[in-house]
Amino acid sequence: QVQLVESGGGLVQAGGSLRLSCAVSGRTTSSFAMGWFRQAPGKEREFVATISWSGAGTYYADSVKGRFTISKDNAKNTVYLQMNNLKPEDTAVYYCAAKEYYPSAREYEYNYWGQGTQVTVSS
């Protein structure tokens, strides 16, 4: 059974940084494309970033481009989201998700989801 567990969330001031981790068990990440999504209070869940199974391809939402970096370490079965220059509007629950091979910004294409980790950015 595939399980995803996020960690690394917390409270940070605007302009600060956080690194989220998503540990995958039950299957190797080398066959998965991974994605990060987020859901702010009162809003729908939205795409943040995705990375291909090889790690060679990455794609970002316009709102985080240039500030966030997604990466994966297949040897550790872990995917990361480095978040720099955080803004109050980045406050949300962040979820990692996995799907077969090819990256996607479409939430419905992902088969496996973590439980989420809270990120709060104060102004």
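Anything mentioned here points back to the structure above.
Report follows, based on the coordinates. Here the residue numbers are simple positions, counted from 1 along each chain's written sequence. Only residues with pLDDT of at least 70 get local features here, since the model is predicted, and only at 80 or more are side-chain atom pairs given and counted; chain-wide, interface and lining totals rely on the full set of residues. The side-chain values count all of the structure's non-hydrogen atoms but skip hydrogen atoms and water molecules.

Considerations on the packing of aromatic side chains
Our working rule: When the centres of two rings from Phe, Tyr and Trp lie within 6.5 Å, Trp using its six-membered ring, the rings pair. Their planes under 30 degrees apart give stacked, over 60 give edge-to-face, and anything left gives tilted. Strands are runs of DSSP state E lasting at least two residues, helices are runs of H or I lasting at least four, and both sets are numbered from the N terminus onward. Here the term buried applies to any residue with accessible area under 20% of the maximum for its type, exposed to any over 50%, and partly exposed to those in between, with areas from a 1.4 Å probe on protein chains only. Lysine NZ or arginine CZ positioned within 6 Å of the ring centre and within 35 degrees of the ring normal marks a charge as sitting over the ring.
Using the criterion set out here, one finds seven aromatic pairs in the structure. Each ring, one from F32 and one from Y112, has its centre 5.7 Å from the other, and the planes form 50°; the classification is tilted. In this pair, F32 is assigned in strand β4 (residues 32-39) and Y112 in strand β10 (residues 112-113), connecting sequence segments 80 residues apart. Between F37 and W113, the ring centres sit 5.1 Å apart and the planes meet at 50°, which makes this aromatic pair tilted. On the criterion of sequence distance, the pair formed by F37 in strand β4 and W113 in strand β10 is long-range, its members being 76 residues apart. Owing to a relative accessible area of 1%, F37 belongs among the buried residues under this scheme. These aromatic residues form a ring-pair network of at least three members: F37, F47, Y110 and W113. Cation over ring: R45 sits above Y95, and NZ or CZ is 4.8 Å from the ring centre. If you follow R45 out to its NZ or CZ, it ends over the ring of W113, 4.0 Å from the centre.

Some points on the nonpolar core
Nonpolar side chains in soluble globular proteins tend to end up buried together. Under the convention used in this document: Take the buried residues of types Ala, Val, Leu, Ile, Met, Phe, Trp, Tyr and Cys, join any two whose side-chain atoms come within 4.5 Å, and each joined set is a nonpolar core.
Ranked by internal contacts, the top residues of the largest apolar core, which has 33 residues, are M34, W36, L81, M83 and Y94. Those elements that provide at least two residues to this core are β3 (18-25), β4, β5 (46-51), β7 (68-73), β8 (78-83), β9 (92-100) and β11 (117-122). With five residues, β9 is the single largest residue contributor to this core.

Description of the environment of P41
Its place among the elements puts P41 in the loop between β4 and β5. Under the relative-accessibility criterion, P41 is labelled exposed at 72%. Along the chain, P41 and M83 lie 42 residues apart, while their C-alpha atoms are 19 Å from each other.

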